[in-house]
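Read off the chains here:
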Amino acid sequence: MSSVNPRSTVSIAGLPLHALLVPIPFVCFVATLVTDLVYWRTAEMLWADASAWLLIVGLLVSLLAVPAGMIDFFAEPPIRRLPAAWIHGIGNVTALVLSIVNALIHTRDAYTSVVPAGLILSAVVVVILLVTGWQGGALVYRHGVGVRGVVPPGVGARNVGTTLLSKPILGEPGVGERSVDTREKQQP
Amino acid sequence: MNAARTKVSAAIATTTTAAAAAALFVLTGCGPAPQDPSRQIGANPDLPPQHQYLLPPMHVAKVVGWNGATPSVAAGLRVQAFATGLANPRSLYVLPNGDVLVVGTGGPPAPVRRPKELVMNWVEKMAHSRTPPGQRILLFRDTDGDGVPDQHSVFIDHLHSPFGVVLVGNDLYVANTDAVVRYPYVTGETRITEPGVTLCELPGGPIDHHWTKSLTASPDGSMLYAGVGSNSNITENGIQAEVGRASIWQIDRATGAHREYATGLRNPNGLQFEPNTHTLWAVVNERDELGPDLVPDYLTQVRDGAFYGWPYSYYGQHVDPRVQPQRPDLVAKATLPDYALSSHVAPLGLVFYSGTNLPAHYRGGAFVGEHGSWDRSVLNGYKVVYIPFADGHPSGPAEDVVTGFLVAGDQARGRPVGLAVDGNGALLIADDTGNSVWRVSASPSTSGN
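Residues numbered from 1 in each chain as written. Chains lettered and ligands numbered in written order. Predicted model: local features only at pLDDT ≥ 70, side-chain atom pairs only at ≥ 80, totals over all residues.

## A few points about the overall build of chain A
Then, number 1: When helices and strands are counted, chain A shows 8 helices and 4 strands.
Then, number 2: Across chain A, helices and strands are ordered from the amino to the carboxyl terminus as β-β-β-α-α-α-α-α-α-β-α-α.
Then, number 3: Of all 188 residues assigned to chain A, the portion counted as buried reaches 42%.
Then, number 4: Long-range contacts, defined as pairs at least 24 residues apart, comprise 69% of the intrachain contacts of chain A with a sequence gap of at least 6. (Helix = DSSP H or I, 4+ residues; strand = E, 2+ residues; numbered from the N terminus. Buried ≥ 20, exposed ≤ 12 C-beta atoms within 10 Å, placed from the backbone. Contact = placed C-beta atoms within 7 Å.)

Below you can see the structure in the form of structure tokens.
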């Protein structure tokens, strides 16, 4: 009894667009917190300007990444059955809305473009992203969302969160270690 | 399955809608309603609480041009087109023989430091004339005495964002955006081809936010005064970019040495000596993005050594939280300006009227050219006002003298900038957006009084 991995609807040559793009806003918004913090401590406008650019780049890439992720989510019922997908999606949309507001706050001039509202929003967004990023990782690396291939019995959605724990220290390989790549090599 | 999908979609939709609605509420809920500008005219303007926006408030008048129309003038006055079809005329200077210099000019290209500036530069372009600015001074001459010129020539060409002009003896000084340059002038000549000699360099690029350098000379001709506007709205280009800026420079005409005569003046323009008291006055563009009614622009006497607040505070000790590190020591000694003109009117021209052509009502006071607001939901300015003076100080409310620059509420036929009084005592108005110079004189029925 085997099942197919949840598909990514928006993919290019089998590579899921959402997973390809979503690291860019993640990195931008995390870096915004860093540059905001440096500005807060130095009052050197260079850092506030850097935050403004990071936010804009993050938002522009989100314009592609978020719809791709939403389409994947709505088009594929197996994805919607995963709690991780819900946390990831709702969290990221929240982070996106907060980042839009944050980008507007960063259009203010000088100190109050960052302190305090911008800095607080940047920090809240990073906290959200820590959670949603972890869940996004789980969607791919545990549940195989968008990963091409067939899930063997006992692997996949039903084994939520067991991969790390089931990894054997000694002895027989655990189920979680049997990656898709290995399987594909064994199949012929 | 379908039911489940619908439920899920509904849940997501609700969440997204709620988030979007919250965001929208925050965005549209921004900004107090503008109050009546008359509450901010005079020595004690009403200063409402500060408001910091989420969306920078932009409301620029769409440029529609004059199409044969003319501005409206107060009773007893008439207006004529002095010159039309110009390229961004911004400032005016009348030579002793009556020749009128018209400075056609535009600012240097603005660098983009932040994504915001991409939008701001675009909006600013919308608010100005489509004609590419010249970088030259034109000379207009009226040979038949009817007040309207019948000759014109290119007086000085290939300048660098010029604005201020002043003649002392045979030395004609032009304030380019980066230097005061001296040219030899002989009465009656219509073109200067000799290269200028730099008297004193002024803060110019690469960032050159407020680029118009206003210029005047002391009554005895020994000193020049140049207005050097700030390099930002409120230090967002870094405090290092503000060295020597937001101040009025006193330049020794003999040596070119300079000192900062007065500081803390965000964008001082229209430098003029009041003819009776021989004191220096200027109109100053105050800071933006603290609300529709903050901070009022003003007309003030410029006192030697005085600090007028920018960037740390406004109207004395009203501290601006956007400036870091703050300077309580400077805020404590900030001087109150003399006369508020209300918020965001953008005064760029000032002239004291000591002529005799206009009705007696207008003698001894000051005309101010208000370029008009771009960041206030109800437009303000876009007119020339008169402020009566007594004993060398403003003595009453500002009166509208020349209006009609706006039509249908928010379309601009033109925008007044620099002012001058011509050899016959008529008021000249440079209109950079309407690409014209207007001449306001006594209407035939009231002239000769």
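## Structural notes on unusual backbone geometry
Then, number 1: Look at the link from Val-115 of chain A to Pro-116 of chain A: it is a cis peptide, with omega at -5°.
Then, number 2: Here Pro-116 of chain A is to be found in the loop between α5 (83-105) and α6 (117-141).
Then, number 3: Here the residue pair Leu-294 of chain B and Val-295 of chain B is connected by a cis peptide bond, since its omega of -5° sits within 30 degrees of zero.
Then, number 4: Look at Ala-246 of chain B: it is not a glycine, yet its phi comes out positive at around 50°.
Then, number 5: By the element assignment, Ala-246 of chain B lies in the loop between β14 (223-228) and β15 (247-252).
Then, number 6: Phi at Tyr-382 of chain B is positive, roughly 60°, even though this residue is not glycine.
Then, number 7: Along the chain, Tyr-382 of chain B turns up in the loop between β24 (366-370) and β25 (383-387).
Then, number 8: Assessed through the 23 C-beta atoms surrounding it within 10 Å, Tyr-382 of chain B is described here as buried.

## What to know about the sheet that holds strand β32 (residues 427-431) of chain B
Residues and elements named next belong to chain B.
Then, number 1: Ordered in space as β4-β33-β32-β31, the 4 strands form an open sheet in which the pairing is antiparallel. The sheet terminates laterally at β4 (77-83) and β31 (416-421), the two strands that pair on one side only. Here the strands of the sheet are splayed against their neighbours by 25° on average, with no regard to which way each runs.
Then, number 2: Bridging between β4 and strand β33 (residues 436-442) involves 6 bridges; their strand directions are antiparallel. Bridge pairing links Arg-78 to Ser-441 in β33. (Pairing = 2+ DSSP bridges. Axes fitted to C-alpha atoms, helices over the stretch in contact; angles between N-to-C directions.)

## Looking at the environment of Gly-76 of chain B
All names here are of chain B.
Then, number 1: Of note, Gly-76 is situated in the loop between β3 (72-73) and β4.
Then, number 2: Take Gly-76: there are 16 C-beta atoms within 10 Å of it, and that puts it in the partly exposed class.
Then, number 3: Once the C-alpha coordinates of Gly-76 and Ser-445 are considered, the two residues, 369 residues apart in sequence, prove to be 7.6 Å apart.

## Comments concerning the interface of chain A and chain B
Then, number 1: Listed as interface residues are 23 residues of chain A and, on the opposing side, 29 residues of chain B.
Then, number 2: Within the residue set of the side of chain A that touches chain B, elements represented by two or more residues are α3 (45-75), α4 (77-80) and α5 of chain A.
Then, number 3: Broken down by element, the side of chain A that touches chain B gets its largest block of residues, 8 residues, from α5 of chain A.
Then, number 4: Looking at side-chain class alone, the side of chain A that touches chain B contains 16 nonpolar, 3 polar and 4 charged residues. (Nonpolar A, V, L, I, M, F, W, Y, C, P; charged D, E, K, R; others polar.)

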